[in-house]
Amino acid sequence: MTPKNTQQGASANARRVPEKRGTRAASFSASPKTPSVSARRGAPVPAAVRDVRKKRKTAPGRKSTGSRFGWAIPVVALLIAVVFVASYYPVARVQYHELREKAQLEAQLKAVQDRNARLKSQVASLETTAGVEEYARSELGMVMQGENAVIVVDSSTGTSTASAAKSSDADVAPGSEQPIGPWTAFLDLVFGVE
């Protein structure tokens, strides 16, 4: 019995790896020349291996996989941009024309509303006797009995004050301002507005 125990004990002791306290045991591999991954991580790379790796990277005629299709990305992006602009331009042109027309119509509407407000105030003033007298004096040049009419003429232009008052009542031409802002001239050129 004892020989059996000693053989088993000896073979068990031979298989055991002595361990130091506080360190992990190194893993063993099949061949002693190739260390395991855990042993290779911290080990320095020999100079001969580094030279071989550099030659592989810089070898003439060798194409890296990253630069093989590197030119295709900008070309594809440019093609996508051209297709997008070509498909969106007609829609943008119609939208711009409608936006410009809307801005012009809003300006015309505002001018008509301002004129209507002035006319309403004139009608309200003409419904009183004082308003009728003022209108007769300023517009028709009439005077009451016993009054003398004096017409002041501007020497530089040769016009009277009555005609100057009429010209201030004239409507401002709608559409004289740029409806979309400072970009209107450029956008008119891009979208073909005359």
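Please refer to the structure placed before this passage.
The structure contained in this document is the topic of the report that follows. (Residues numbered from 1 in each chain as written. Predicted model: local features only at pLDDT ≥ 70, side-chain atom pairs only at ≥ 80, totals over all residues. Heavy atoms only, no water.)

Below, the discussion takes up the packing of helix α5 (residues 72–126) against helix α8 (residues 184–191). Across the interface, α5 lies against α8 with an axial gap of 10 Å and an inter-helix angle of 135 degrees. It follows from the interaxial angle that α5 and α8 lie oblique. Viewed along their axes, α5 and α8 form a crossing whose handedness is left-handed. Residues Y89, A92, R93, Y96, H97 and R100 of α5 form the contact with α8, whose participating residues are T184, L187, D188, V190 and F191. For the contact of α5 with α8, the per-class residue count stands at six nonpolar, two polar and three charged. (Axes fitted to C-alpha atoms, helices over the stretch in contact; angles between N-to-C directions. Helix = DSSP H or I, 4+ residues; strand = E, 2+ residues; numbered from the N terminus. Parallel < 35°, antiparallel > 145°, perpendicular 65-115°, else oblique. Left-handed = near helix turned anticlockwise from the far one by under 90°. Contact = heavy atoms within 4.5 Å. Nonpolar A, V, L, I, M, F, W, Y, C, P; charged D, E, K, R; others polar.)

Before going further, it helps to spend a moment on the packing of aromatic side chains. Counted by the stated rule, this structure contains four aromatic pairs. An angle of 5 degrees between the planes, with centres 5.9 Å apart, marks the rings of F84 and Y88 as stacked. In this pair, F84 and Y88 are both assigned in helix α5, four residues apart and thus about one turn of the helix distant. A relative accessible area of 54% places F84 in the exposed class. (Phe/Tyr/Trp six-rings, centres within 6.5 Å; stacked < 30°, edge-to-face > 60°. Buried < 20%, exposed > 50% of the residue type's maximum accessible area, 1.4 Å probe, protein only.)

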